[in-house]
Amino acid sequence: MPLEVSLKPSTSPIFSLQNNPPMIPSTFMALPSSSYSHTLLFSNFLKPNTLTSRKSYASSLNINRDRYPISVVRNSASVSGEPSTSTISDVFGGKKELAGIHSLVDSMSPPVRFASSIIVVAAAISSGYGLGLRFGRTRNAALAGAAAFGLAGGAAAYALNSCVPEVAATNLHNYLAGCDDPKAVKKEDIEGIAKNKQDQAFNAELCDLYCRFVSSVIPPGSEDLKGNEVETIIEFKRVLGIDDPDAASMHMEIGRRIFRQRLETGDRDADIEQRRAFQKLIYVSTLVFGEASTFLLPWKRVFKVTDAQVEVAIRDNAQRLYAFRLKQVGREVNSEQLMSLRGAQLLYRLSDELAEDMFKEHTRKLIEENISTAVNILKSRTRTSGPIQVVEELDKILAFNHLLISLSNHPESRHFARGVGPVLLLGGEYDGDRKIDDLKLLYRAYVTDSLSTGRMEETKLAALNQLRNIFGLGKREAERIMLDVASKVYRKRLAQAFSGGELEAADSKAAFLQNLCDELHFDPERASQIHEEIYRQKLQQSVADGELTEDDVAALLRLRVMLCIPQQTVEAAHSDICGTLFEKAVNGAIAAGVDGYDADVKASVRKAAHGLRLTRESAMSIASKAVRRMFMNYIKRARGAGRTESAKELKKMIAFNTLVVTPLVADIKGEPSDPATPEEPIKEESKNQFEQDEEEEEWESLQTLKKTRPDKELAAKLGKPGQTEITLKDDLPERDRKDLYKTYLLFCITGEVTNIPFGAQITTKKDNTEYLLLNQLGEILGLTRKETVDVHRGLAEQAFRQQAEVILADGQLTKARIEQLNEVQKQVGLPQEYAQKVIKNITTTKMAAAIETAVSQGRLSIKQIRELKEAGVNLDSMVSESLRENIFKKTVDEIFSSGTGEFDEVEVYEKITVDLNINADKAKGVVCELARTRLSNSLIQAVALLRQRNRLGVVSSLNDMLACDKAVPSEPLSWEVPEELADLYAIYLKSEAAPEKQSRLQYLLGISDSTAVALREMGDRVLPVGSEEENFVF
């Protein structure tokens, strides 16, 4: 039911808001919330005067109309849930009937009405004049009757004409109510009705009709705009001829009605719908009035909404309208549609950024439909024509993407909708880790289809690049998929060429394979890897029985030539595959142990070494790894045991090397077990041995080293020495290898120690055969002759040092002690040169301690230091730099306190600094500091001695002051009692000092020439020996 709102006359202006309550911004723009204040529904909006509508245009112009029916926007969805189609009667109401004088006025044309008015007035005047003359019988009575009847006739004529605006308004209402379609209203008809009849009542009816129309055009509640509302309202406004201010006031009035209706409902869903309706009203009104809406539609002032909320309303509705237009865009989009979209975007006042995002989202959803269809087909159980349909869907995506790219490069692309360009899945359903596997499957399916003919076309390659960009796959992921599929196709093509004889018949195998790679756009390096895999597979099949026959070798050679496999790759494959089999044989031989290396084991090793066609270097490398692992096991057990047990483990390792490793190496090389020793190797070995003997002639005194060289009888007794090709040189650092060698050397020297009850020990000495085993241990450990000599020499030096430190405990080297040290040297077999170094090191260490003690106690002078240097003592290594600086400071202080008055710069700055090996600049700094301090102290000391009448002490102190001044020239000194300075100078004159010293002292004491002459003339009278105290001048 329409709401009947009382419109009472008012004199307030049209835009007056004095009687309107303030609006709250959250009333329309904020989203519904459960915490929405319930008190808002009982605010001052529910006062009785608030239910009265805003003073309409008619009431503001004092139109006396008691009640005026106005329709209010209702949301039909809140009642029935479905939008209903508004009829004409719903928009403008039913027709109004004209009765009485109104029907008479409506039937009269303006000329007739004007003539009738004149006739009525004239007839009334004439009748009044006649009646007045008849009944009054006087002229005055006749004039009075004419005046009275003339007034009555004028009133009747006025009443007749005053009904004209109401009749015109009624006719306008009936005309619009009688139209089948409000959009078909003609402006000429409106102008014909409103001609010469416009006044306040007519304009009020005009505004009410416009308000009814706008309310009917804007969709109610949650219904979206259709897009033609703005054009319809603008056209209707133009037809009615209503001014923009009047129309804007009606838009504001509709907003007030929506707000009042929201207060009346109180339902949450209805509240949301009314807010949506208000947002649509703001958006439509803004587009209707354009730029003038900023001052014609005061949303912020009337409803307390912010500019941001208005922008949100405009943006949301524009997006809904633009989204509705985008639904019409399919995969066959053309330039006309894009231009139309651009125009719609500008009409809807949608920003370029949002329009671009919406267009991209729409195109993304279109291709997502194809992707979903392709994925469903690919994952379906029935795959009769599945791959074909999947490729067709992907082709649709590529065609659509190509169309958009071509449109983006169109000459008129600046007039197209924003966002036209390549399609991406970023931000959509397939933008995530969960869907990336499906995209990879589709990409693999398209790659497989592209290579189904056995070659990769350029068009397919470009399509794959576009598909990769659309799916957002990484370059490595796409290359991995393509490489996987292409590898399978390459293997298939290669097998066909090999079995069909095409590859064998080709003049150039490399050119044939390269051409095959070019056709598939396949990486040649990956092709080489496939060739290697094929060769390895063939090789594994050939060595399944443990050896390679001649036929196997020929087949492998043919395969290698056909596939152009490099020799290095072939050797690596043989080393890996055949080496694994050979390693099993070697491990079995090693596991047999010392007692298990019999003829069967030897035969299996020889068969594996020569039957698998391994090179000697490869076979030795494999055997070396296994043997060195066994050696390291012995080493680990030796490290974790005591010295005796450690030596026993090393001895086991030596036996293992002699009895197992040595025949194993001989079998690998194909040598006989007991070969006759050739002459040439003997000569070569003798030559090398002679050269080593010459180099180690100086070590002949080392008894332990001499014992490691067996004589002929012992060598014949022990038999053939162990192999020396497999060593631990690269497995252990040099220090660890030397420690192991040293451990066994100590065992050879001290013998085996056995513990017996009661804490006693029994030492069992060994013969020289242990030293021969020591020599073999050095070869297993990979020690050179120099390194073994260093171990022997270090052990001898250590023994000599221990006994020499006891003999030279006090650092004094006597003749008896020298003889005693020589005897110890012969016992340990240490060469004379190294023995002297040990003795010198011990004596030097003892001397350094004594010198450092003397320096710290101040008992070492510069003279003694020079004597020590002349004796060849290196003081720089014995005395620290700080102690040497202290010696220099002490020496300079002695010079400044010697009482001679001399300072030799050459001696101090050059000789002493060189003797002490200190920095010259630092030495000068020390001298300057001491001279300044000593200068003032010497003057104070001289005055003190003067008061004590110590004449010699006074002269000595003054000489010290002159020495300090000579080192660092000083300014004249000041003293509180000048007479004492004169007495000091007089005493110094009697000391028969050099004239230059007297002159410099006169300058330092500040004595004038006249005073100095007077003091010289006074002579001995100045300070006679034995004079009384009162003769002193204080």
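Reference entry: report on the structure contained in this document. In this text the structure is predicted, and so the values were computed from the model without any measurement.

Concerning the overall build of the protein
- For the protein, the helix and strand inventory stands at 46 helices and four strands.
- Total accessible area on the protein stands at roughly 55,800 Å², and carbon and sulfur atoms take up 52% of it.

A word on helix H28 (residues 616-639)
- End to end, H28 covers 34 Å across 24 residues, agreeing with the expected 34 Å (1.5 Å per residue, within 8%).
- For H28, the full list of buried residues reads Ala 619, Met 620, Ile 622, Ala 623, Ser 624, Ala 626, Val 627, Phe 631, Met 632, Tyr 634, Ile 635 and Ala 638.
- At its buried positions, H28 is contacted by helix H25 (567-591), helix H29 (643-669), helix H33 (734-750) and helix H34 (769-780).

So, the packing of helix H27 (residues 599-611) against H29
- Relative to each other, H27 and H29 sit at 40°, their axes nearing to 8 Å. Here H27 is positioned oblique relative to H29, judged by the angle of their axes. Handedness of the H27/H29 crossing: right-handed. Facing H27, whose interface residues are Lys 602, Val 605, Arg 606, Ala 609 and His 610, H29 presents Pro 663, Leu 664, Ala 666, Asp 667 and Ile 668.
- Of the residues contributing to the contact of H27 with H29, the split by class is six nonpolar, one polar and three charged.

Notes on the pattern of salt bridges
- If you walk through the whole model with that rule in mind, you get 40 salt bridges.
- A salt bridge links Arg 342 to Asp 352, with the nearest nitrogen and oxygen atoms 2.9 Å apart. Of this pair, Arg 342 sits in helix H15 (residues 335-348) while Asp 352 sits in helix H16 (residues 352-379), and the two are 10 residues apart along the sequence.
- A relative accessible area of 32% means that Asp 352 is categorised as partly exposed.
- Glu 519 is the salt-bridge partner of Arg 493, the closest N and O atoms lying 3.1 Å from each other. Of this pair, Arg 493 sits in helix H20 (residues 475-500) while Glu 519 sits in helix H22 (residues 509-520), and the two are 26 residues apart along the sequence.
- Taking the relative accessible area as the measure of exposure, Arg 493 reaches 24% and is therefore partly exposed.
- Residue classification places Glu 519 among the buried residues on the basis of a relative accessible area of 17%.
- Residues participating in the shared-partner salt-bridge network are Glu 253, Arg 256, Arg 257 and Arg 260.

So, the nonpolar core
- In terms of nonpolar packing, the biggest core is built from 169 residues, with Tyr 210, Trp 299, Phe 471, Tyr 490 and Phe 582 touching the most fellow members.
- Of the residues forming this core, the biggest block, 11 residues, is contributed by H28.
- Formed by 46 residues, the second largest nonpolar core is a distinct cluster that contains Val 908, Val 954, Leu 981 and Leu 984.

Considering the packing of aromatic side chains
- Evaluation of the coordinates by the stated rule reveals nine aromatic pairs.
- Summarising the aromatic geometry, the rings of Phe 631 and Phe 656 are spaced 6.1 Å apart at their centres and angled 85° between planes, so their arrangement reads as edge-to-face. Taken together, the residues span a long stretch of sequence, with Phe 631 in helix H28 and Phe 656 in helix H29 at a distance of 25 residues.
- Judged by relative accessible area, which is 0%, Phe 631 ranks as buried.
- A residue is classified by how much of its surface remains accessible, and Phe 656, at 1% relative accessible area, is buried.
- Each residue in the set Phe 278, Trp 299 and Phe 303 is aromatic and connected to the rest through ring pairs, giving one cluster.
- Its guanidinium or amino end placed over the ring of Tyr 634, Arg 637 lies 4.9 Å from that ring's centre, counting from NZ or CZ.
- Taking the ring centre of Tyr 909 as reference, the NZ or CZ of Lys 924 above it sits at 5.7 Å.

Concerning unusual backbone geometry
- Phi is positive for His 521, which is not a glycine, with a value near 55°.
- As for its placement among the helices and strands, His 521 is situated in the loop between H22 and helix H23 (524-542).
- In the Ramachandran plot, Asn 917 falls in the positive-phi region, its phi being about 55° despite a non-glycine side chain.
- Mapped onto the elements of the fold, Asn 917 is located in the loop between helix H41 (905-916) and helix H42 (920-947).

Topic: the side chain of Asp 438
- Structurally, Asp 438 can be placed in helix H18 (residues 433-450).
- Each residue touching Asp 438, except ones within four places of it in the same chain, is listed here: Val 375 and Lys 379.

Some words on the side chain of Arg 342
- For Arg 342, a relative accessible area of 14% corresponds to the buried category.
- Contact partners of Arg 342, with chain neighbours within four places excluded, come to Asp 352, His 415, Phe 416, Ala 417 and Arg 418.

Remarks on H20
- The end-to-end C-alpha distance of H20, which contains 26 residues, comes to 36 Å, matching closely the 38 Å that a straight helix rising 1.5 Å per residue would cover.
- For H20, the set of buried residues is Ala 478, Ile 481, Met 482, Val 485, Ala 486, Ser 487, Val 489, Tyr 490, Leu 494 and Ala 497.
- Contact partners of the buried residues in H20: H18, helix H19 (458-471), helix H21 (502-505), H22, H23 and helix H24 (550-563).
- Downstream of H20 by one or two residues, Gly 501 has phi in the positive range, about 85°.

Scoring rules and cut-offs
- Residues numbered from 1 in each chain as written.
- Predicted model: local features only at pLDDT ≥ 70, side-chain atom pairs only at ≥ 80, totals over all residues.
- Heavy atoms only, no water.
- Helix = DSSP H or I, 4+ residues; strand = E, 2+ residues; numbered from the N terminus.
- Areas by Shrake-Rupley, 256 points an atom, 1.4 Å probe, with all protein chains shown as cover.
- Expected span 1.5 Å × (residues − 1).
- Buried < 20%, exposed > 50% of the residue type's maximum accessible area, 1.4 Å probe, protein only.
- Contact = heavy atoms within 4.5 Å.
- Axes fitted to C-alpha atoms, helices over the stretch in contact; angles between N-to-C directions.
- Parallel < 35°, antiparallel > 145°, perpendicular 65-115°, else oblique.
- Left-handed = near helix turned anticlockwise from the far one by under 90°.
- Nonpolar A, V, L, I, M, F, W, Y, C, P; charged D, E, K, R; others polar.
- Salt bridge = Lys/Arg side-chain N within 4 Å of Asp/Glu carboxyl O.
- Core = buried A, V, L, I, M, F, W, Y, C linked by side-chain atoms within 4.5 Å.
- Phe/Tyr/Trp six-rings, centres within 6.5 Å; stacked < 30°, edge-to-face > 60°.
- Lys NZ or Arg CZ within 6 Å of the ring centre and 35° of its normal.

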